[in-house]
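Descriptive analysis of the structure
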Amino acid sequence: MNMSIFRSISRFLLLLLLALAVSCGGKRITKANVDEVSEGMSKKQVESILGPPTAINNEDFVIMKKTTYVYRQGKDTVTIVFKDDKVQAKDSTLAR
């Protein structure tokens, strides 16, 4: 009997964590958190600040790999360019 209660609680906690992860998926993009992104950061570091991008464009060249993350929020757009998986450039239309 104790194992069935333990399994029920485990399932409930897993579902709760999944629901929480989905609801936190779309972070609000602000000028302050875009300013935290700096040259040389990894994709994982950028995603920890801005969340997952709304679009990704990958280009593989012989000598380098270029990835562009695009974040859209309303009329605003933030673009982060990675060269060999490190931030090379960023551009933003955020005014505040």
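Remarks on the overall build of the protein
Counting its regular elements, the protein contains 3 helices and 4 strands. Starting at the N terminus and walking to the C terminus, you meet the elements of the protein as α-α-α-β-β-β-β. Looking at the protein as a whole, 25% of its 96 residues are labelled buried. The long-range fraction of contacts in the protein, counting pairs at least 24 apart against all pairs at least 6 apart in sequence, stands at 34%.

Notes on the packing of aromatic side chains
By the definition in use, this model includes 2 aromatic pairs. Ring centres of Tyr69 and Tyr71 lie 6.4 Å apart, and the angle between their planes is 65°; on these two criteria the pair is classed as edge-to-face. Per residue, the accessibility class of Tyr69 equals that of Tyr71, and both read buried. Where Tyr69 meets Phe82, the ring centres are 4.8 Å apart and the plane angle is 65°; that geometry is what we call edge-to-face. A residue pair is termed long-range when its members are at least 10 positions apart, and Tyr69 in strand S2 (residues 65-73) and Phe82 in strand S3 (residues 76-83) qualify at 13 residues. Here Tyr69 matches Phe82 in class, with each residue buried. Members of the aromatic cluster, connected to one another through ring pairs, are Tyr69, Tyr71 and Phe82. The residue whose ring lies beneath Lys43 is Phe82, and the NZ or CZ to ring-centre distance is 6.0 Å.

Notes on the sheet that holds strand S1 (residues 55-60)
Here 4 strands make up an open sheet; going across it, the order is S1-S2-S3-S4 and the pairing antiparallel. Two strands in the sheet have a free side with no partner beyond their single neighbour: S1 and strand S4 (86-92). Averaged over all pairs of adjacent strands, the angle between strand axes in this sheet comes to 15°, irrespective of strand direction. Set on the sheet, helix H3 (residues 43-50) makes contact with S2, S3 and S4; between it and S2 the angle comes to about 5°.

A short note on the side chain of Ser42
Structurally, Ser42 can be placed in the loop between helix H2 (31-36) and H3. Excluding its chain neighbours within four sequence positions, the residues that come into contact with Ser42 are Phe82, Asp85 and Lys86.

A look at the environment of Phe82
Here Phe82 falls in the buried class, since its relative accessible area comes to 0%. As for Phe82 and Thr67, which are separated by 15 residues in sequence, their C-alpha atoms are 5.0 Å apart. Residues in contact with Phe82, not counting those within four places in the same chain, are Met41, Ser42, Lys43, Val46, Lys65, Lys66, Thr67, Tyr69, Val87 and Gln88.

Digging into the confidence of the model for the protein
Looking at the protein, pLDDT values average 84 and 82% of them are 70 or higher. Of all secondary-structure elements in the protein, the lowest mean pLDDT belongs to helix H1 (residues 2-23), at 66, while S4 reaches the highest, 96.

Conventions used here
Residues numbered from 1 in each chain as written. Predicted model: local features only at pLDDT ≥ 70, side-chain atom pairs only at ≥ 80, totals over all residues. Heavy atoms only, no water. Helix = DSSP H or I, 4+ residues; strand = E, 2+ residues; numbered from the N terminus. Buried < 20%, exposed > 50% of the residue type's maximum accessible area, 1.4 Å probe, protein only. Contact = heavy atoms within 4.5 Å. Phe/Tyr/Trp six-rings, centres within 6.5 Å; stacked < 30°, edge-to-face > 60°. Lys NZ or Arg CZ within 6 Å of the ring centre and 35° of its normal. Pairing = 2+ DSSP bridges. Axes fitted to C-alpha atoms, helices over the stretch in contact; angles between N-to-C directions. pLDDT = per-residue confidence, 0-100.

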